[in-house]
Amino acid sequence: GIISKTRKRMFKHLMRLSMRFYTEMPAGAINQRLLGDAAAVSGVATGGAITLVTDIVSLVFAVVVMVGLSWRLSLLAFVLLPLYYFNFRFFSQRMRGANAQIRAHMDHISSMLQERLSAHELIQSYGVEQEESAHFSSQARQVMDSAIRGAAYNISFNQLSAFINKLANTVLFCAGCYYFIQETMG
């Protein structure tokens, strides 16, 4: 229902846009947004809201328990948090850029495909099937290159996050052992 409503609203909005918009925005890009992006936004709106609420409740509970058990270890854990933040900031911008490139290439492919399919008789009559296939292959290659770059950033982000997590766990474990041995845990 949410996806359907979103698409209906988007379509109504599209009908009110100026002719200039339609001359500057390829039809394939509009199709891509109407069909694909509506579902993605709806998925984030429904599943994301539930996840956000449960994550906030879990975070508050975890912080209260941590501070209650050991304020020293809690302070050390908070000192390590910027490592996660810097990792996120560094890679999120790059992943966003790669995704924007993929979207732009997919918009172009979608528009090109729509135009070529509607003009397939002309393409065949002029005998330019090979050129059109080569152009499509070039565009598909650009999408693949952007996707590979985005995947590399994503893998690097995940691996560095795992390393930071293991480092933080090790530091906290060693500090906890030290405080326990010194009997200054609280």
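We now turn to the structure provided with this report. (Residues numbered from 1 in each chain as written. Predicted model: local features only at pLDDT ≥ 70, side-chain atom pairs only at ≥ 80, totals over all residues. Heavy atoms only, no water.)

A look at the packing of aromatic side chains
Alright, step 1. The tally for this structure, following the rule as stated, stands at five aromatic pairs.
Alright, step 2. Measuring from ring centre to ring centre gives 5.6 Å for Tyr85 and Phe86, while their planes differ by 65 degrees; the resulting arrangement is edge-to-face.
Alright, step 3. By relative accessible area, Tyr85 is classed as partly exposed at 47%.
Alright, step 4. Their ring planes at 65 degrees and their centres at 6.3 Å tell us that Phe91 and Phe157 sit as a pair that is edge-to-face. With a gap of 66 residues between them, Phe91 in helix 4 (residues 71-118) and Phe157 in helix 6 (residues 129-181) connect regions that are remote in the sequence.
Alright, step 5. The exposure class assigned to Phe91 is buried, which follows from its relative accessible area of 9%.
Alright, step 6. Among the aromatic residues, those joined into a ring-pair cluster are Phe88, Phe90, Phe91 and Phe157.
Alright, step 7. The side chain of Arg72 reaches across the aromatic face of Tyr179, ending 5.7 Å from its centre.
Alright, step 8. The aromatic ring of Phe90 is capped on one face by Arg94, whose charged end is 3.8 Å from the ring centroid. (Phe/Tyr/Trp six-rings, centres within 6.5 Å; stacked < 30°, edge-to-face > 60°. Buried < 20%, exposed > 50% of the residue type's maximum accessible area, 1.4 Å probe, protein only. Helix = DSSP H or I, 4+ residues; strand = E, 2+ residues; numbered from the N terminus. Lys NZ or Arg CZ within 6 Å of the ring centre and 35° of its normal.)

Considering the side chain of Ser146
Alright, step 1. Within the secondary structure layout, Ser146 lies in helix 6.
Alright, step 2. For Ser146, a relative accessible area of 1% puts it in the buried group.
Alright, step 3. A polar contact of 3.5 Å, which involves the side chain of Ser146, links it to the side chain of Gln101.
Alright, step 4. Excluding residues within four positions of it along the chain, Ser146 makes contact with Ala98, Gln101, Ile102 and His105. (Polar contact = N/O pair within 3.5 Å; in protein donor to acceptor, adjacent residues only side chain to side chain. Contact = heavy atoms within 4.5 Å.)

Topic: a positive patch on the surface
Alright, step 1. Residues Lys5, Lys8, Arg9, Lys12 and Arg16 make up a contiguous surface patch of positive charge.
Alright, step 2. Along the chain, Lys8 turns up in helix 1 (residues 2-16). (Patch = residues over 30% accessible without salt bridge, like charges linked within 9 Å, V, L, I, M, F, W, Y side chains within 5 Å. Areas by Shrake-Rupley, 256 points an atom, 1.4 Å probe, with all protein chains shown as cover. Salt bridge = Lys/Arg side-chain N within 4 Å of Asp/Glu carboxyl O. Lys, Arg positive; Asp, Glu negative; His and termini not counted. Charge placed at Lys NZ, Arg CZ, Asp CG, Glu CD.)

Overview of the pattern of salt bridges
Alright, step 1. Summed over the entire model, instances satisfying the criterion amount to four salt bridges.
Alright, step 2. Here Glu115 ties to Arg116 by a salt bridge, and the two come within 3.2 Å at their closest N and O atoms.
Alright, step 3. Given a relative accessible area of 46%, Glu115 falls into the partly exposed group.
Alright, step 4. For Arg116, a relative accessible area of 26% translates into the label partly exposed.
Alright, step 5. Within the structure, one salt-bridge network assembled from shared partners comprises Glu115, Arg116 and Glu132.

Concerning a nonpolar patch on the surface
Alright, step 1. Side chains of Met66, Val67, Trp71, Leu75, Phe78, Val79 and Leu81 sit close together on the surface and give an oily, nonpolar patch of about 640 Å² of accessible area.
Alright, step 2. Here the nonpolar patch takes five residues from helix 4, the largest share from any one element.
Alright, step 3. Of note, Trp71 is situated in helix 4.
Alright, step 4. On the accessibility criterion, Trp71 (47% relative accessible area) is partly exposed.

All quantities given are derived from atomic positions and should not be read as evidence of function.
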